[in-house]
Amino acid sequence: VYTVQFIFPSFPVQYLVYFGYTFSAAYVVQILILDKSHLHPFPLDQCQRPKTWLEEKAYAFWMEHFSYFPMTIVADEKKVKLPADRQYIFAVHPHGIHCWPLNCLCFPTSPFDQKFPGLVGKKLTGLAATVVFKIPVVRELFLSMGYIDAGRKYATNALDAGRSLFICTGGEDEAMRSCQGEDILVLKRKGFIRLALSYGCALVPVFGIGVSDLYKTYDLGTLNLRRKLQKSTGVALPIFHGVFGK
């Protein structure tokens, strides 16, 4: 009986650890200090198309979700006119755990783009909370959809560039209050109204029917604590789950 023994060269595990630390540190420096892409809107003649492997995967994911979460734009075309040569601010409610109707305003061939062509990609820029662009992977997902920082300075820069804006005006506060089966709105923010008046933009309200039904949320006696954390840091931490596999 012969025994064959394979001997593989040993590879110090600490090398992988060092590489991981180095890669993580470089990534953090890149997104927190160096990269400013979330502060500037895309040029008017450029649609947000994927450029990197991660952006391609993000784009494919978002396009697939229109099948998972089918959306229908309900608007009276005889009364609702959205010519592409005007500027708009789309104010979207409710936020829910995630404001899925915003995605219709991000991608060419979306249900909104099919009903009101000429705006998506070429004219529309989304506004998202600053903290979104500090979370790895989440940041890349939002950048792939053409979002920029929701700070007033960057919103006005986008309007100065001739773009229109869309934003979930209830923000993280509305997300924290989300409850399945209830449409809870937070209407205390008025900055987007002042922007619309200053720039002569048409203010377009958008309501996502069924958004609050998608996730089951829980209080667990920590809502007040989590709301205080949200107000002090801007980070919303809702406790929720969806329906897996359906």
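Quick look at the structure, then. (Residues numbered from 1 in each chain as written. Predicted model: local features only at pLDDT ≥ 70, side-chain atom pairs only at ≥ 80, totals over all residues. Heavy atoms only, no water.)

### Observations concerning the overall build of the protein
- Looking only at helices and strands, the protein features 8 helices and 7 strands.
- The 246 residues of the protein split such that 39% are buried.
- Considering only contacts within the protein whose residues lie at least 6 apart along the sequence, 71% involve residues at least 24 apart.
- Accessible surface computed for the protein: about 14,800 Å², of which carbon and sulfur atoms make up 63%. (Helix = DSSP H or I, 4+ residues; strand = E, 2+ residues; numbered from the N terminus. Buried < 20%, exposed > 50% of the residue type's maximum accessible area, 1.4 Å probe, protein only. Contact = heavy atoms within 4.5 Å. Areas by Shrake-Rupley, 256 points an atom, 1.4 Å probe, with all protein chains shown as cover.)

### Digging into the nonpolar core
- With 34 residues, the main nonpolar core has Leu 82, Phe 90, Phe 112, Leu 124, Tyr 147 and Phe 166 as its most contacted residues.
- Of all the secondary-structure elements, those providing two or more residues to this core are α2 (53-68), β1 (88-93), β2 (124-128), α4 (138-144), β4 (164-168) and β5 (202-207).
- In this structure, Phe 166 is in contact with Phe 90, Leu 102, Leu 105, Cys 106, Leu 124, Thr 125, Gly 126, Leu 127 and Tyr 147, ignoring residues within four places of it in sequence.
- In this structure, Ile 89, Ala 155, Leu 159 and Ala 196 belong to the second largest nonpolar core, which totals 13 residues. (Core = buried A, V, L, I, M, F, W, Y, C linked by side-chain atoms within 4.5 Å.)

### Some details on the environment of Ala 91
- Positionally, Ala 91 belongs in strand β1.
- For Ala 91, a relative accessible area of 8% puts it in the buried group.
- Considered as a pair, Ala 91 and Ile 193 are 102 residues apart in the sequence and their alpha carbons are 9.2 Å apart.

### Overview of the packing of aromatic side chains
- Inspection of the entire model under this criterion finds 9 aromatic pairs.
- Note on Phe 66 and Phe 107: the rings are 6.3 Å apart at their centroids and 85° apart in plane angle, and the pair reads as edge-to-face. Linking Phe 66 in helix α2 with Phe 107 in the loop between β1 and α3 (111-115), this pair joins segments that are 41 residues apart in sequence.
- Of the residues examined, Phe 107 reaches a relative accessible area of 0% and is grouped as buried.
- Centroid distance Tyr 88 to Phe 90: 5.7 Å. Interplanar angle 40°. Geometry classified as tilted. Side by side, Tyr 88 and Phe 90 carry an identical accessibility label, which is buried.
- Among the aromatic residues, ring-to-ring pairing joins Tyr 88, Phe 90, Phe 112 and Phe 116 into one connected group. (Phe/Tyr/Trp six-rings, centres within 6.5 Å; stacked < 30°, edge-to-face > 60°.)

### A closer look at the environment of Leu 220
- On the secondary structure map, Leu 220 appears in the loop between β6 (216-218) and α8 (223-233).
- For Leu 220 and Ile 239, which are 19 residues apart along the polypeptide, the C-alpha to C-alpha distance reads 8.5 Å.

### With respect to the environment of Val 211
- With respect to the helices and strands, the residue Val 211 is situated in the loop between β5 and β6.
- The spatial distance from the C-alpha of Val 211 to the C-alpha of His 95 is 7.7 Å, given a sequence separation of 116 residues.
- Ignoring any residue separated from it by four or fewer positions in sequence, one finds Val 211 in contact with Pro 94, His 95, Gly 96, His 98 and Pro 101.

### Notes on the sheet that holds β4
- On the basis of which strands lie adjacent, the open sheet formed by 5 strands has the order β3-β2-β4-β1-β5 and parallel pairing. Unpaired on one side and paired on the other, β3 (148-149) and β5 mark the two borders of the sheet.
- Across 6 bridges, the pairing between β1 and β5 is parallel. Directly across from Ala 91, in β5, lies its bridge partner Pro 205.
- Running at roughly 160° to β1, helix α7 (residues 191-199) makes contact with β1 and β5 of the sheet. (Pairing = 2+ DSSP bridges. Axes fitted to C-alpha atoms, helices over the stretch in contact; angles between N-to-C directions.)

### Section: the packing of helix α5 (residues 152-160) against α7
- It is at 12 Å that the axes of α5 and α7 come closest, and there the two elements cross at 30°. With respect to α7, the element α5 is oriented roughly parallel. As for the relative orientation of α5 and α7, their crossing is right-handed in sense. Contacts between α5 and α7 involve Arg 152, Ala 155, Thr 156, Leu 159 and Asp 160 on the former and, on the latter, Gly 191, Leu 195 and Tyr 199. (Parallel < 35°, antiparallel > 145°, perpendicular 65-115°, else oblique. Left-handed = near helix turned anticlockwise from the far one by under 90°.)

### A word on the side chain of Gln 230
- In this structure, Gln 230 sits in helix α8.
- Filtering out sequence-adjacent residues up to four positions away, Gln 230 remains in contact with Glu 172, Asp 173, Met 176, Val 235 and Ala 236.

None of this, on its own, says anything about what the molecule does.
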